[in-house]
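So you can see what is in the structure, the chains are spelled out below.
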Amino acid sequence: MASTPAVRVPVCVLGAGPHGLAAILHLKRADPALAAETVVIDPSGRWMSAWDSQFARLGIDVLRSPSVHHPAPEVDALSCFVAQHGLARSGLPYDQPMAAAFRAFTQHLVETAELAEPLAARPNRVTAEVDGGGVRIETDGSPMVADRLVVAANPHRRSIPPWVWRLCGPAVAELAHAGDVDLGSRPDLTGQRITVVGGGLTAAHLAVGAADRGASVDLVARRPLQVRSFDTDPGWLGPKYLRGFQDCPDPRRRFELARAARGGGTIPEWMRDQMDHGRVVIHEGAEILGAAPTPDGYCLGLATGESISAHRVWLATGTTPDLGALRCLEPLLPDVAAIGGLPVTDDDLRVGVHPVYVMGRLATHTLGPAAGNLWGARQAAQRITRAVTGVDTDIMSNLPEYRPAPR
Ligand SMILES: Cc1cc2nc3c(=O)[nH]c(=O)nc-3n(C[C@H](O)[C@H](O)[C@H](O)COP(=O)(O)OP(=O)(O)OC[C@H]3O[C@@H](n4cnc5c(N)ncnc54)[C@H](O)[C@@H]3O)c2cc1C
């Protein structure tokens, strides 16, 4: 049976978060005509929707990463924007931007680059296109053939501790993953006992946010809390660690190195301070062995012998990147080598034989443990843009005509 005729585009980007935004901005910088024909697909139909929603749900008002990390090609674009518009600064040691300033900045990027809203669709199936190469993307609307596909959809699986699966009986109270908790819609938690499970920044945000709203909060972390400014040692953002990593020919070894460098969750000191003074009862180095429902919540048993009762349990236990979580790519996956859900990428971040490129944590095999962060967005966008257009946006963005106007 002949397949439905499809529109052909040079590039299709899946995902309109910071990584997808970085991709289109770098492509536009290198080749405006190609960027104009590029289609960005995101089920939300909006730029930055997942980012905005996670910051609002968790009540995060400042980023963890410094101002130099953002989706635009020019490194100082965010700090210039903040200065030019007189926006509030965090005053933190590395000038981490305020979430409101970052949001205004990304909106400004979308507007000044005159980007259309992403196509609000969810790809059902992506297959290799026989006629003329590329990949065929089927959605509920008209199919599309793209010469290259850029995956910036952040596919992942939630990490759920084993004791949660062993809980039986009807759910009596909230037991939710951090990805579903919405502090923004809960102004008052007075009288609530809440246990947050996890030792990273998301756990700390949830704990402080719940305490601010009047709850009694326990935070349970299986390791002693690790206080660190950034989630990845800054040596991973440059040659100090990356050179040896990228020179390592064995992808399995690179996977292990990246996993070890990332480690478990960490909390910056400024956030750790907010949990002090009895606002949050911290149980560190305390594995949860089991949980049982109680009439008004859950009772958690810790390896330390303690037990904690809670009306609500929030799991800030993280997520694991996994290309296979993007079901539409299933037809292509047999042609993609992967280790632990992470595709093996080449220098251009291409995976397998098809013209498919990945960004975000999926690019870990080439970019290392910080691939999923905003730093990784620029690195990936530069590499993919160079592969697609032959233009190096890193060099180009330092040309005088692209420097921001003096303040
Ligand atoms: C709470 C939190 C705070 C963070 N703070 C920082 C920070 O301060 N600094 C930093 O560097 N990093 C931070 N990170 C890490 C990282 O930068 C963010 O997770 C960031 O959102 C990743 O960007 P992304 O574009 O890869 O993914 P996302 O922001 O998740 O965007 C992916 C997009 O893909 C879309 N999508 C999903 N499925 C499909 C599909 N099938 N087809 C098409 N589109 C699809 C989604 O709707 C979404 O819009 C933070 C992470 C979290 C969880």
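For the structure, see preceding data.
Residues numbered from 1 in each chain as written. Predicted model: local features only at pLDDT ≥ 70, side-chain atom pairs only at ≥ 80, totals over all residues. Heavy atoms only, no water.

1. Notes on the site of the ligand
Spelled out, the test is: Neighbouring residues are identified by heavy atoms, a residue being near a molecule or strand if any of them is within 4 Å of it. Think of a polar contact as two N or O atoms within 3.5 Å of one another; within protein, one of them needs to be a possible hydrogen donor and the other a possible acceptor, and neighboring residues in sequence only count if both atoms come from side chains. Numbering goes from the N terminus for both helices and strands, where a helix is a DSSP run of H or I of at least four residues and a strand is a run of E of at least two.
Among the 27 residues in the neighbourhood of the ligand, the closest are listed as D42, R64, S65, N154 and L374. G15 is positioned with one of its backbone polar atoms (N or O) 3.4 Å from a nitrogen atom of the ligand. Within the backbone of P18, a nitrogen or oxygen atom sits 3.3 Å from an oxygen atom of the ligand. When residues of the shell around the ligand are traced back to their parent elements, those giving at least two are α1 (18–30) and α3 (49–58). Ranked by the residues each element gives to the shell around the ligand, the list is headed by α3, at six residues.

2. Describing the packing of α1 against helix α12 (residues 374–389)
To be explicit about the condition: Whenever a helix is involved, its axis is fitted only over the stretch in contact; in every case the axis is a line through C-alpha atoms, and angles between N-to-C directions fall within 0 to 180 degrees. Small angles under 35 degrees read as roughly parallel and large ones over 145 as roughly antiparallel, with 65 to 115 read as roughly perpendicular and the rest as oblique. Less than a right angle of anticlockwise turn of the near helix away from the far helix marks a crossing as left-handed, whereas a clockwise turn marks it as right-handed. We call two residues in contact when some of their heavy atoms are within 4.5 Å. Polar here means any residue outside two lists: the nonpolar Ala, Val, Leu, Ile, Met, Phe, Trp, Tyr, Cys and Pro, and the charged Asp, Glu, Lys and Arg; Gly therefore counts as polar.
Running from N to C, α1 and α12 point in directions that differ by 40°, and their axes come no closer than 8 Å. Considering their axes alone, α1 and α12 lie oblique with respect to each other. Viewed along their axes, α1 and α12 form a crossing whose handedness is right-handed. Residues P18, H19, A22, A23, H26, L27 and A30 of α1 form the contact with α12, whose own contacting residues are L374, G376, A377, R378, A381, Q382, T385, V388 and T389. Among the residues forming the contact of α1 with α12, the class breakdown is nine nonpolar, six polar and one charged.

3. What to know about the pattern of salt bridges
Spelled out, the test is: Within this document, salt bridges are pairs made up of a side-chain nitrogen of Lys or Arg and a carboxyl oxygen of Asp or Glu, the two lying within 4 Å of each other. Exposed residues in this analysis have more than 50% of their type's maximum accessible area, buried residues have under 20%, and partly exposed residues fall in between, with area computed by a 1.4 Å probe over protein chains only.
Within this structure, the stated rule accounts for 16 salt bridges. Between R327 and E330 there is a salt bridge whose closest N-O contact spans 2.9 Å. For R327, a relative accessible area of 58% translates into the label exposed. E330 sits in the partly exposed class, given a relative accessible area of 44%. In the salt-bridge network here, residues are joined through shared partners; they are E129, R136 and E138.

4. A closer look at the sheet that holds strand β8 (residues 193–197)
Note the following rule: Whether two strands pair comes down to DSSP finding at least two bridges between them.
Pairing is parallel across the open sheet formed by five strands, whose spatial order is β7-β14-β8-β9-β10. The open sheet terminates on both sides in strands that have one partner only, identified here as β7 (175–177) and β10 (280–284). Ignoring which end each strand starts from, the neighbouring axes of this sheet average 20° apart. The pairing of β8 with strand β14 (residues 312–315) spans four bridges and is classified as parallel.

5. Remarks on the environment of A303
Assignment of secondary structure puts A303 in the loop between β12 (297–302) and β13 (307–310). Between the alpha carbons of A303 and E287 there is a distance of 5.4 Å; along the sequence they are 16 residues apart. Sequence-distant contacts of A303, defined by excluding residues within four places in its chain, comprise E287 and L289.

6. Examining the packing of aromatic side chains
Spelled out, the test is: Any two of the Phe, Tyr and Trp rings considered here, Trp counted by its six-membered ring, make a pair once their centres fall within 6.5 Å; the pair's planes then place it as stacked at under 30 degrees, edge-to-face at over 60, or tilted in between.
Evaluation of the coordinates by the stated rule reveals six aromatic pairs. Taken together, a centroid distance of 5.0 Å and an interplanar angle of 35° make the contact between W51 and F102 tilted. One end of the pair, W51, is in helix α3; the other, F102, is in helix α5 (residues 99–112), with 51 residues separating them in the sequence. Residue classification places W51 among the buried residues on the basis of a relative accessible area of 15%. An aromatic cluster of at least three residues, connected via ring pairs, comprises W51, F55 and F102.

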